[in-house]
Structure formats: C-alpha cells, structure tokens
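The chain contents come next:
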Amino acid sequence: MKSISLYAILLPVVYALLFWLGNSDDFNDNSLWYDEAAPWLGEPPAGVSAELVRSRNAEAYPYIVYALPADDTLRQNIITTFQLESSYPGIYDNHGISPIYPAEKETILSASTTLYPRLELRPDGSMLLTLYDDNNRELKDETLVKSIPFPYPDYLPNGNVETARSIMLAVLCFLLPGLFCCVGWLWVQRRPIRSGETLVICLLIPAVVAFFGAYVDFYLHGFNKVYAIFSATFSVITNVIAAAILLAVTGAARYLWRSLN
C-alpha cells in the first residue's frame, strides 16, 4: 500500500509541475500579447488585457480577445498592419493573413498558420482585437488570404524551443503517466509484473491521472467540456496502451533473460 500511495502522490506532482512549466505563460496577459500580437504590433500598449473566449461546442475553437484602450494611432496601426477593411459598422476584418516567417524562425508548426484578425470598435473608442479565431474559417475566401511579413520579427519565439515545448506537452498528456509509473515500478524498482500492485500502479493510477490531467489542460485552455472529456478519454487510452506495451516488453525481456541464463 505504501508503494501505491507513493505513486498516487508522486505522479500528480510531477504532472502538475511539468504542466506549469509548459503552460505558465498561457495565462498572463502580457505573455499572451508577446506570443501572438507583439510580432505584428510591437510592445503591448498600456492598459491592454486579454480574455480567453471558451469554445461554444465541441466543434468550435477557443480564442483570445485583447481589450485595448481608445487610441487613434493604435487603431490605424492595427488596420494598416493587417490590411483590414470595414465589413460592418465598427467592425474591421479580412479573409485571413498568411504570415511570412523569416527563414530562421519558420518551423513545421508555423508553416501552415493562418490568422483571421478582427478589430471591433466600442462606442467609447476602446477596441477589441482578435487574431487567431478559426471558428469563421468556412466563411472566408481562401483565395483572398494575404501574405504579410511580420513587422517585428524579433518578437517571434525561437522555433526550436516552441517545437520542443509542444512535443513535451503532447508527451505529458498522452504518454507520461503510463511511462512514468511503468518505468519506475518495473525497471527502477524491478517489481514483479503479476501482482495486484502492478495493475494499480501501472494501469489504474496512470489512467486516473491521465483523465483528470488532460481534462484540466484542455478546459483551462478554453475548450468545451465535451471536447475536454473526449480528449481526456483519449489520453486514458493512449496511456493505458503505452503501459500495456511496456508491461509486455518487460515480461518478454525478463523471460528471455532467464532463458539465456
């Protein structure tokens, strides 16, 4: 029971720590601006705030809306930078922007990126700016997407770092719980495969942590509850499969070792 309690505590702690390291900047207004808007508009204006708009349903996407103070210069800069056109009174948008990345900044993850900028003017002159909202993609004409280079490419993150971060978070969600428990229990501690503790530590605990960890991850990032539950269930499946493969490989390796000796 002590071993089960140890893994039941240690795995969530490791999961939470890695989750925080990989996502700590995703919930800070200025960090979000530097990630999304700074390569286009430079330093964040005074008084900017960011709001996560949760997806309406499992098929929709969450997105960030930046609330900006009234500023005619900033407004004109946004309209000019993104080549926006008035579509409705107080609304400026276009059919999409395909960013032109500097060679040293472009990665596989960014190569197919398209953003759909939208600027809404409030009666008091303040503004709402949206950059990455894919929910209206089907209403856009892809032949009218504009290719525009970043005015402030120095603000673009290091592509290799971003790729490594994305891979780390994918492994954390869909593989780490099963790998962590199986490697620790079977390889480091060299415990027997056929035991009740092994089933709990290598299958049950990873499944529980994978479900709740993935659900919290997707929900905090604005996805609909149904989508978060689906993603959490998929995380359970991938982690159980990873654990089952490690159990089978470990059993086969131990049998072969005994046969040779």
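Described below are features of the structure shown in this document. Note that the structure is a prediction, hence the values are computed from the model and not measured.

1. What to know about the pairing of strand 5 (residues 97–100)
Of the two faces of strand 5, only the one carrying Ile97 and Pro99 is buried; Ser98 and Ile100 on the other face are not. Here four bridges tie strand 5 to strand 8 (residues 146–149), and the two strands are oriented parallel to one another. Of the residues in strand 8, the one forming a bridge with isoleucine 100 is proline 149.

2. Focus: the packing of helix 8 (residues 196–220) against helix 9 (residues 225–260)
Here helix 8 crosses helix 9 at 150 degrees, and the two axes come no closer than 8 Å. One way to sum up the angle between helix 8 and helix 9 is to call them roughly antiparallel. Where helix 8 crosses over helix 9, the handedness of that crossing is right-handed. Of the residues in the contact of helix 8 with helix 9, the class split is 18 nonpolar, five polar and one charged.

3. Details of the layout of surface pockets
Rolled over the atoms, a probe with the dimensions of a water molecule shows which regions are left empty. In this structure, the second largest pocket spans a volume of roughly 370 Å³. What lines the second largest pocket is a set of 20 residues, among which Asp93, Asn94, Arg118, Asn136 and Lys140 lie closest to the centre. Put simply, the parts of the chain that give the lining of the second largest pocket at least two residues each are strand 2 (63–68), strand 3 (85–88) and strand 4 (91–93). A per-element tally of the lining of the second largest pocket places strand 3 first, with four residues.

4. Some points on the nonpolar core
Of all hydrophobic cores here, the largest spans 26 residues; its most connected members are Trp33, Trp40, Tyr66, Leu68, Ile78, Phe82 and Leu129. Elements with a minimum of two residues in this core: helix 2 (29–36), helix 3 (38–41), strand 2, helix 4 (72–81) and strand 7 (127–130). Each residue touching leucine 129, except ones within four places of it in the same chain, is listed here: Leu41, Ile64, Val65, Tyr66, Leu68, Ile78, Arg118 and Leu119.

5. Thoughts on the sheet that holds strand 7
Neighbouring strands of a sheet are bound in pairs by backbone hydrogen bonds; such pairs are parallel or else antiparallel. Across the sheet, which stays open at both edges, the six strands sit in the order 1-2-7-6-4-3 with antiparallel pairing between neighbours. Whereas interior strands pair on both sides, the edge strands pair on one side only; in this sheet they are strand 1 (49–53) and strand 3. On average, each strand axis in the sheet is inclined to that of its neighbour by 25 degrees, with strand direction left out of account. As judged from the three bridges shared by strand 4 and strand 6 (residues 118–121), these two strands associate in the antiparallel manner. The partner of aspartate 93 across the bridge, within strand 6, is arginine 118. On top of the sheet, helix 2 reaches strand 1 and strand 2; it is set at about 105 degrees to strand 2, its chief contact.

Definitions and cut-offs
- Residues numbered from 1 in each chain as written.
- Predicted model: local features only at pLDDT ≥ 70, side-chain atom pairs only at ≥ 80, totals over all residues.
- Heavy atoms only, no water.
- Buried < 20%, exposed > 50% of the residue type's maximum accessible area, 1.4 Å probe, protein only.
- Helix = DSSP H or I, 4+ residues; strand = E, 2+ residues; numbered from the N terminus.
- Pairing = 2+ DSSP bridges.
- Axes fitted to C-alpha atoms, helices over the stretch in contact; angles between N-to-C directions.
- Parallel < 35°, antiparallel > 145°, perpendicular 65-115°, else oblique.
- Left-handed = near helix turned anticlockwise from the far one by under 90°.
- Nonpolar A, V, L, I, M, F, W, Y, C, P; charged D, E, K, R; others polar.
- 1 Å grid on protein atoms, 1.4 Å probe; cavity = no way out; pocket = protein on both sides within 12 Å on 5 of 7 lines; lining within 4 Å.
- Points joined across faces, edges and corners; volume = space filled by probe spheres on them.
- Core = buried A, V, L, I, M, F, W, Y, C linked by side-chain atoms within 4.5 Å.
- Contact = heavy atoms within 4.5 Å.

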